[in-house]
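Results of the structural survey
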Amino acid sequence: MTSQERSMLRKAEFPDMARDALAIIENLIINRNKHDMAMDLIAEFVFRERRDEPARGGQFAKQSAQPRLSPIEEFQLVLVLCDFFSRPGPDATRNAVFLSLFGGSNTRTSVLNKLISTAVSGSIAPLLCAAGTWMQQLGCTSPASLELAQCIVRDFVIFSKNSSEQLKSLPLVAPRFAANLMTAVTDLYLNGTAKSQLTPPPDLLLDVITDWVSENPSLCLASQQQLALPSGAIAMPVITPLAGLIRWCVLSLLVTNRQELYSKLHLAVLQSLLEATPPITTPPTLQPINAQHLLLIVNTIQVEMETLTQQGMSLEEENLQNCLERFAQAVQVGLTSRCIFGNITQLMFRLEALPGKNKLLQIVINANKT
């Protein structure tokens, strides 16, 4: 990029400068040895981040950037980005640009959250697919992904009386994004080490996710499809939503008697596990559930059982027994379908150490001890 081109960008009004810069940035990212220059243009012309005074030689000092966009400019930038990512082009290039724009920057989350919320409202598939790749590369349970998930829940669930058609149809528009969103959302609810921390998801969110999984059992595996990444880029390990959904179904019995939807979700998850059976040649780490994630469920059940004992209550309490049975069903189907990888022996040992005795759970433990 010539100094004259940079000078012309600086003379342009916002958001025109961002629109013009994005085309240049895309070409620079395709030419991988120009990535640093692309990142500099993103900071200066797309997000207008404030830098410290130029250092000697006219170079920007590499100090922490502060957002300079006003609310109106954020809105203008969101429209520009929606238009940019809606254009036809290779998925790998689109994903690379998206990752360059939002990869790991805390100062850009406001724009990101507004952008993806708009993309969901408008069913903008290319943009949502890029966002799904971004979540996977950063980690679906990373702080940035969880903040985005909270934004989607807030905009389409908490502030809404009825689930929108756009949210209902999200798995058809962008299955990877829907699967990764489920992984993030399941981490937000029913995820604590004590009963007081077990907050169930909003009913509307539970209803939507139950419908997603019931209507498309293979959706939970959408994140395992091959990523479209630039040459040389490394795909990060995949976490499917299955362990989180099992946790919801099992732990919900400890906090609520409203089980109609959870029972429906449980059946859908079991169906997903049956359909998720990988080929025998599949490496263990590519199986959809890590046994370590199931151990976290055991830990929470252990705490609840200890609490019951301290309160002088019976471990035969109906909801607790139903919780153990539901967990036993999920573990057995997961093992039968070869969907669980990791230390299965440790999982069985921890299940056997639970003080309450449940017949179905004991059958599962005995069948899988070796």
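Predicted model, so just to flag it, every value in this text is computed and none were measured.

A word on the overall build of the protein
Along its length, the protein carries 18 helices and two strands. Taking the principal axes of its C-alpha atoms as reference, the protein extends roughly 75 × 45 × 40 Å. In the protein, which comprises 370 residues, the proportion classed as buried is 49%. Contacts in the protein between residues far apart in sequence, at least 24 positions, make up 72% of those at least 6 positions apart. Accessible surface, the protein as shown: approximately 17800 Å² in total, 52% of it carbon and sulfur. Separation between the mean location of the 30 positive side-chain charges and that of the 32 negative ones in the protein comes to 5 Å.

Overview of the nonpolar core
Phe98, Ile116, Phe177 and Ile301 are the most contacted members of the largest nonpolar core, which has 118 residues in total. It is helix H16 (residues 318–336) that provides the largest number of residues to this core, a total of nine residues. Leave out the neighbours within four places in its chain, and Phe98 touches Phe85, Gly103, Leu112, Leu115, Ile116, Leu127, Ala130, Ala131 and Trp134.

Some thoughts on the pattern of salt bridges
Under the definition given, this model contains 14 salt bridges. As a salt-bridge pair, Asp40 and Arg6 come within 3.6 Å of each other at their nearest N and O atoms. Of this pair, Asp40 sits in helix H3 (residues 35–46) while Arg6 is found in helix H1 (residues 3–11), placing the two residues 34 residues apart along the sequence. We note that Asp40, like Arg6, is buried. Lys264 is paired through a salt bridge with Asp211; the nearest N and O atoms lie 3.6 Å apart. Separated by 53 residues along the polypeptide, Lys264 in helix H14 (residues 260–275) and Asp211 in helix H12 (residues 203–215) bring together distant segments of the chain. The class of Asp211 is partly exposed, set by a relative accessible area of 22%.

Concerning the side chain of Glu74
One can find Glu74 in helix H4 (residues 71–86). In this structure Glu74 comes out as buried when scored by relative accessible area, which is 12%. Within the structure, Glu74 has its side chain in polar contact with the side chain of Ser110 (distance 3.0 Å). Dropping the residues within four chain positions of it, Glu74 is found in contact with Leu69, Ser110, Val111 and Lys114.

Some details on the packing of aromatic side chains
Evaluated as defined, the whole model comprises six aromatic pairs. With a centroid separation of 5.5 Å and an interplanar angle of 65°, the aromatic rings of Phe85 and Phe98 are classed as edge-to-face. Taken together, the residues Phe85 in helix H4 and Phe98 in helix H5 (residues 91–102) connect sequence positions 13 residues apart. Exposure remark for Phe85: the relative accessible area of 0% places this residue in the buried category.

Here we look at H14
Between its first and last C-alpha atoms H14 spans 23 Å; for 16 residues at 1.5 Å apiece the expected length is 22 Å, and the two agree. For H14, the complete set of buried residues consists of Tyr262, Leu265, His266, Ala268, Val269, Leu270, Ser272 and Leu273. Among the structural elements, H12, helix H13 (242–251), strand S1 (289–290) and H16 are those in contact with the buried residues of H14.

Some remarks on the environment of Gln329
The topology assignment puts Gln329 in helix H16. For Gln329 and Leu267, which are 62 residues apart along the polypeptide, the C-alpha to C-alpha distance reads 10.0 Å. Reaching out from Gln329, the side chain makes a polar contact with the side chain of His266 at a distance of 2.7 Å.

Quick look at the packing of H16 against helix H17 (residues 344–352)
It is the contact of H16 with H17, at a shortest axis distance of 13 Å, that shows an interaxial angle of 160°. The angle between H16 and H17 places the two elements in the roughly antiparallel class. Relative to H17, H16 is oriented so that their crossing is left-handed. Facing H16, whose interface residues are Phe327, Val331 and Leu335, H17 presents Ile344, Leu347, Met348 and Leu351.

A short note on the side chain of Glu44
Structurally, Glu44 is set in helix H3. A polar contact of 2.6 Å, which involves the side chain of Glu44, links it to the side chain of Arg10.

The rules behind these values
- Residues numbered from 1 in each chain as written.
- Predicted model: local features only at pLDDT ≥ 70, side-chain atom pairs only at ≥ 80, totals over all residues.
- Heavy atoms only, no water.
- Helix = DSSP H or I, 4+ residues; strand = E, 2+ residues; numbered from the N terminus.
- Buried < 20%, exposed > 50% of the residue type's maximum accessible area, 1.4 Å probe, protein only.
- Contact = heavy atoms within 4.5 Å.
- Areas by Shrake-Rupley, 256 points an atom, 1.4 Å probe, with all protein chains shown as cover.
- Lys, Arg positive; Asp, Glu negative; His and termini not counted.
- Charge placed at Lys NZ, Arg CZ, Asp CG, Glu CD.
- Core = buried A, V, L, I, M, F, W, Y, C linked by side-chain atoms within 4.5 Å.
- Salt bridge = Lys/Arg side-chain N within 4 Å of Asp/Glu carboxyl O.
- Polar contact = N/O pair within 3.5 Å; in protein donor to acceptor, adjacent residues only side chain to side chain.
- Phe/Tyr/Trp six-rings, centres within 6.5 Å; stacked < 30°, edge-to-face > 60°.
- Expected span 1.5 Å × (residues − 1).
- Axes fitted to C-alpha atoms, helices over the stretch in contact; angles between N-to-C directions.
- Parallel < 35°, antiparallel > 145°, perpendicular 65-115°, else oblique.
- Left-handed = near helix turned anticlockwise from the far one by under 90°.

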